[in-house]
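# Architecture and fold: a report
As a plain string of letters, each chain reads:
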Amino acid sequence: AQSVTQPDARVTVSEGASLQLRCKYSYFGTPYLFWYVQYPRQGLQLLLKYYPGDPVVQGVNGFEAEFSKSNSSFHLRKASVHWSDWAVYFCAVILSSGSWQLIFGSGTQLTVMP
Amino acid sequence: EAAVTQSPRNKVAVTGGKVTLSCNQTNNHNNMYWYRQDTGHGLRLIHYSYGAGSTEKGDIPDGYKASRPSQENFSLILELATPSQTSVYFCASGGRDGNQAPLFGEGTRLSVL
């Protein structure tokens, strides 16, 4: 079955440290991939999106992600984390054949330590 | 500015009552989605739509109906609300073929007592 997996439910990093949040997808086709961020009691905000092309995509607030077809992955990275990055991060995929459903991973809670 | 607006933002309903959650988008997107978010479950797709007049079942459609009377509006209907439907509901809109990233509303917090 097509799915999105975020293997880390919680990640804790120190402010100023680098960050990688993992995302794996299972899909036999060309995926459209997204990372969203959710701050407490708010909706989801788009961080970045991948459409077939350059595997490294840049997003807002210094975030970037790299698509790997061989690894079926779309990991999110940031060089230096700020306290304001404390939030829940969701990876999502649009299934490009047939239904165009938008499917989400279970999310990763990022905690930033001073 | 592109936007997805949900109403109401908060709702308290009684068991067995009818609840309608509304969503309006000004993005001229074809696709619209309804999700619920519960602790431990992430976002689960309830219904979605490809355009006016279409509704499709998502992963958890039982107990919910959807209506897409126009390009801009997509409603989620709970005909007989139950306490298990207490949740936060999110609406989103997106482009026809995925090349326009889906955008989300601020959510509706529903409590069924």
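Preceding block: the structure.
Residues numbered from 1 in each chain as written. Chains lettered and ligands numbered in written order. Predicted model: local features only at pLDDT ≥ 70, side-chain atom pairs only at ≥ 80, totals over all residues. Heavy atoms only, no water.

### Quick notes on the interface of chain B and chain A
With 22 residues of chain B in contact, the opposing surface of chain A contributes 21 residues. Summing both sides of the interface, chain B and chain A together bury roughly 1,800 Å²; the carbon and sulfur share of this comes to 57%. Our count for the contact surface shared by chain B and chain A stands at zero salt bridges. Across the chain B-chain A interface, the total number found is five residue pairs in polar contact (both at pLDDT 80 or more). Taken together, the residues that form the side of chain B that touches chain A break down as 10 nonpolar, seven polar and five charged. (Contact = heavy atoms within 4.5 Å. Buried area = accessible area lost by both parts, 1.4 Å probe. Salt bridge = Lys/Arg side-chain N within 4 Å of Asp/Glu carboxyl O. Polar contact = N/O pair within 3.5 Å; in protein donor to acceptor, adjacent residues only side chain to side chain. Nonpolar A, V, L, I, M, F, W, Y, C, P; charged D, E, K, R; others polar.)

### Here we look at the sheet that holds strand S3 (residues 19-25) of chain B
Residues and elements named next belong to chain B. Here we have four strands laid out as an open sheet, ordered S1-S3-S8-S7, and antiparallel in their pairing. Either end of the sheet is taken by a strand with one partner, and the two such strands are strand S1 (4-7) and strand S7 (65-67). Neighbour-to-neighbour, the strand axes of the sheet open up by a mean angle of 20°, direction not taken into account. As paired strands, S1 and S3 are joined by four bridges and run antiparallel to one another. Among the inter-strand pairings, Val 4 is bridged to a residue of S3, identified as Gln 25. (Pairing = 2+ DSSP bridges. Helix = DSSP H or I, 4+ residues; strand = E, 2+ residues; numbered from the N terminus. Axes fitted to C-alpha atoms, helices over the stretch in contact; angles between N-to-C directions.)

### Quick look at the side chain of Ser 70 of chain B
Note on placement: Ser 70 of chain B falls in the loop between S7 and strand S8 (75-78). Within the structure, Ser 70 of chain B has its side chain in polar contact with the side chain of Asn 73 of chain B (distance 3.1 Å).

### Quick word on the nonpolar core
All names here are of chain A. Counting residues in hydrophobic clusters, the biggest one holds 30 residues, and the most contacted among them are Leu 19, Trp 35, Leu 47, Leu 48, Phe 74, Leu 76 and Tyr 89. At the level of secondary structure, the elements contributing two or more residues to this core comprise strand S2 (10-14), strand S3 (19-21), strand S5 (32-38), strand S6 (44-50), strand S8 (64-68), strand S9 (73-78), strand S10 (87-94) and strand S12 (108-113). Among the elements that take part in this core, S10 stands out by supplying four residues, more than any other. Contacts of Leu 19, omitting those with residues within four sequence positions, involve Val 11, Val 13, Phe 63, Leu 76, Arg 77, Lys 78, Val 81 and Leu 110. (Core = buried A, V, L, I, M, F, W, Y, C linked by side-chain atoms within 4.5 Å. Buried < 20%, exposed > 50% of the residue type's maximum accessible area, 1.4 Å probe, protein only.)

### A look at the packing of aromatic side chains
Residues and elements named next belong to chain B. Across all of its chains, the model carries 17 aromatic pairs over all chains by this definition. Taking 6.4 Å as the distance between ring centres and 25° as the angle between the ring planes, the aromatic pair formed by Tyr 33 and Tyr 48 counts as stacked. Of the two residues, Tyr 33 is situated in strand S4 (residues 31-38) and Tyr 48 in strand S5 (residues 42-49); the sequence distance between them amounts to 15 residues. The exposure classification of Tyr 33 matches that of Tyr 48, with both residues buried. Ring centres of Tyr 35 and Phe 104 lie 5.9 Å apart, and the angle between their planes is 40°; on these two criteria the pair is classed as tilted. (Phe/Tyr/Trp six-rings, centres within 6.5 Å; stacked < 30°, edge-to-face > 60°.)

### Section: the pattern of salt bridges
A full pass over the atoms with the stated rule returns seven salt bridges over all chains. Across the pair Glu 66 of chain A and Arg 77 of chain A runs a salt bridge whose closest N-O atoms are separated by 2.8 Å. Taken together, the residues Glu 66 of chain A in strand S8 and Arg 77 of chain A in strand S9 connect sequence positions 11 residues apart. On the basis of relative accessible area, Glu 66 of chain A is assigned to the partly exposed category, the value being 34%. Across the pair Asp 38 of chain B and Arg 44 of chain B runs a salt bridge whose closest N-O atoms are separated by 2.9 Å.

### Side note on the environment of Trp 83 of chain A
Residues and elements named next belong to chain A. Structurally, the position occupied by Trp 83 is in the loop between S9 and S10. Expressed as a C-alpha distance, the spacing of Trp 83 and Pro 55, which sit 28 residues apart in the sequence, is 28 Å. Contact partners of Trp 83, with chain neighbours within four places excluded, come to Glu 15 and Val 112.

### Some points on the state of the cysteines
Residue and element names in this part refer to chain B. Applying the stated rule across the entire model yields two disulfides over all chains. A sulfur-sulfur separation of 1.9 Å characterises the disulfide bridge that pairs Cys 23 with Cys 91. Across the disulfide from Cys 23 to Cys 91, rotation about the S-S bond amounts to roughly -80°, and the bridge is consequently left-handed. A residue pair is termed long-range when its members are at least 10 positions apart, and Cys 23 in strand S3 and Cys 91 in strand S9 (residues 87-94) qualify at 68 residues. (Disulfide = S-S within 2.5 Å.)

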